[in-house]
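Listed below, chain by chain, are the residues.
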Amino acid sequence: MREYARVRHVDAKENRITIERENGTLQSYDPRRLSGVSVHSEVEREFSKGDRIQFTAPSKGPKVANRELGTVKKITSGGDLEIRLDSGREVRFNVREHAHLDHGYAVTSHSSQGQTAERVLINVDTEKSEVLVNNRFAYVSVSRARHDAQIYTNDGGKLSHMLSRESSQPTATEVEQQPTAPKTEPASLREVRSSEEEQGNSLGMGLA
């Protein structure tokens, strides 16, 4: 069962965080001993009928997947939503039951995998590292389009080189042979950082 809590204190030296649970009680723990925790930041979003949205977390309630896209068909002042998913299925729920929504006019190339669109607008910042801009990013982004893909970049002269770079992903054997790095970063900070990297693993692209 999903439960929400708010981080109230981080003790980097002792590698412990203190959270406030929904019932108001405080609890401190070592994040290395508790798995299955997702970190989110609260932001305000305004939605209207006709808006394109994406789900930023899966849910067993309305039965939606992470990064699934849809269109708002109906919305009430009380937070009741009716959304038509791109798959054709319609879901109805109150935003208090599932608040993990964002605008779906642009998505990262990582979260666009498995999706297709008539036209794709791709934003490529050549100042980004090879972890973000490489041949895998180029393939995933361009192959989303059925008929048209347009690339927008800050430096056309560097674009070809940046998109032809190999995406170096170590094999399981290579990982096994690598020496274990010293754990210099507190686990609590690693947990937050990994969540941020997962959500922004690639540059943005627009689907139309």
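Here the structure is a predicted model, which is why all the values come from computation and not from measurement.

Here the structure, examined in full by the defined rule, presents 1 aromatic pair. For the ring pair Phe-55 and Phe-93, a centre distance of 6.0 Å and an interplane angle of 45° mean the geometry is tilted. One end of the pair, Phe-55, is in strand 4 (residues 52-55); the other, Phe-93, is in strand 7 (residues 90-94), with 38 residues separating them in the sequence. An identical accessibility class is assigned to Phe-55 and Phe-93; each is buried.

Once that is clear, we can look at the side chain of Gln-54. Along the chain, Gln-54 turns up in strand 4. Within the structure, the side chain of Gln-54 is placed 3.3 Å from the side chain of Arg-67, a separation counted as a polar contact. Here His-103 takes part through its backbone oxygen, which lies 3.1 Å from a polar atom of the side chain of Gln-54. Setting aside chain neighbours within four positions, we find Gln-54 in contact with Arg-67, Glu-68, Leu-69, His-100, Leu-101, Asp-102, His-103, Gly-104, Ala-106 and Val-107.

Here is what the cut-offs are and how they apply
Residues numbered from 1 in each chain as written. Predicted model: local features only at pLDDT ≥ 70, side-chain atom pairs only at ≥ 80, totals over all residues. Heavy atoms only, no water. Phe/Tyr/Trp six-rings, centres within 6.5 Å; stacked < 30°, edge-to-face > 60°. Helix = DSSP H or I, 4+ residues; strand = E, 2+ residues; numbered from the N terminus. Buried < 20%, exposed > 50% of the residue type's maximum accessible area, 1.4 Å probe, protein only. Polar contact = N/O pair within 3.5 Å; in protein donor to acceptor, adjacent residues only side chain to side chain. Contact = heavy atoms within 4.5 Å.

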